[in-house]
Amino acid sequence: MDTSKTEKPQDLEERTYTFALRTRLLLKQREWDPTSWSDVQQLLRSSGSVASNYLEAQDALSSDDFVYRIHVGQIPFLTGISPLGATAGEKVEITFQGGNLGASVKHSYQVPADTGIVHLHAESGDVE
């Protein structure tokens, strides 16, 4: 009888621990060629990091903090933006540099004719 549909699924903490354990058992089952060692070590490290990242996310202070901590993938961050200023009423090409952006990201922006400080806001789909 198949009980997989009637049993309560394991919680994520237990499943990530089981994944790390099963990965280690699998890697122990054979001799690895020296050319594969770096791949095997990477698999070993990353299999355990899933559980540790989840446990860290459980210590979040708020739901937004939890989402930030549990996020899968690289989070982009800015290290530079140029130019730092522009003339009112002109179109300017803004260049963003940073980590996990890939190459520099450029975005054209029409500066309002009104003088003063303008706060830029770019949605993820706005940049090319």
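The notes below deal with the structure included here. No experiment lies behind these values; they were computed from the predicted model shown. (Residues numbered from 1 in each chain as written. Predicted model: local features only at pLDDT ≥ 70, side-chain atom pairs only at ≥ 80, totals over all residues. Heavy atoms only, no water.)

**A word on the sheet that holds strand β1 (residues 77-82)**
Spatial ordering of the open sheet is given by β1-β2-β3, a layout of three strands whose pairing is antiparallel. At either margin of the open sheet sits one strand with a lone partner, and together these are β1 and β3 (105-110). Taking each pair of neighbouring strands and ignoring which way they run, the sheet shows an average axis angle of 30 degrees. Both β1 and strand β2 (residues 91-99) contribute to a ladder of five bridges, which runs antiparallel. Within the sheet, the bridge partner assigned to I81 lies in β2 and is F96. (Pairing = 2+ DSSP bridges. Helix = DSSP H or I, 4+ residues; strand = E, 2+ residues; numbered from the N terminus. Axes fitted to C-alpha atoms, helices over the stretch in contact; angles between N-to-C directions.)

**Thoughts on the pairing of β2**
In terms of strand pairing, β2 meets β3 through six bridges, oriented antiparallel. Considered in β3, the bridge of I94 is made with H107. Linking two consecutive strands that pair antiparallel, namely β2 and β3, is a turn of five residues; a positive phi of about 60 degrees is found at N100 within it.

**Structural notes on a nonpolar patch on the surface**
A surface patch of nonpolar side chains, about 310 Å² in accessible area, is lined by Y17, L21 and L25. Here L21 shows up in helix α1 (residues 12-28). Taking relative accessible area as the criterion, L21 reaches 39% and is therefore assigned partly exposed. (Patch = residues over 30% accessible without salt bridge, like charges linked within 9 Å, V, L, I, M, F, W, Y side chains within 5 Å. Areas by Shrake-Rupley, 256 points an atom, 1.4 Å probe, with all protein chains shown as cover. Salt bridge = Lys/Arg side-chain N within 4 Å of Asp/Glu carboxyl O. Buried < 20%, exposed > 50% of the residue type's maximum accessible area, 1.4 Å probe, protein only.)

**A look at unusual backbone geometry**
Here S82 and P83 are connected by a cis peptide whose omega angle stands at -5 degrees. Mapped onto the elements, P83 comes out in the loop between β1 and β2.

**Topic: the nonpolar core**
For soluble globular proteins, the rule of thumb is that nonpolar side chains tend to be buried together. Counting five residues, the largest nonpolar core is built from V92, I94, F96, V105 and V111. With three residues, β2 is the largest single contributor of residues to this core. Look past the residues within four positions of F96 in its chain and what remains in contact with it is L78, G80, I81, L101, S104, V105 and H107. (Core = buried A, V, L, I, M, F, W, Y, C linked by side-chain atoms within 4.5 Å. Contact = heavy atoms within 4.5 Å.)

**Considerations on the side chain of T16**
Counting through the fold element by element, T16 comes out in helix α1. Setting aside anything within four residues of it in sequence, one finds T16 in contact with S47, V50 and A51.

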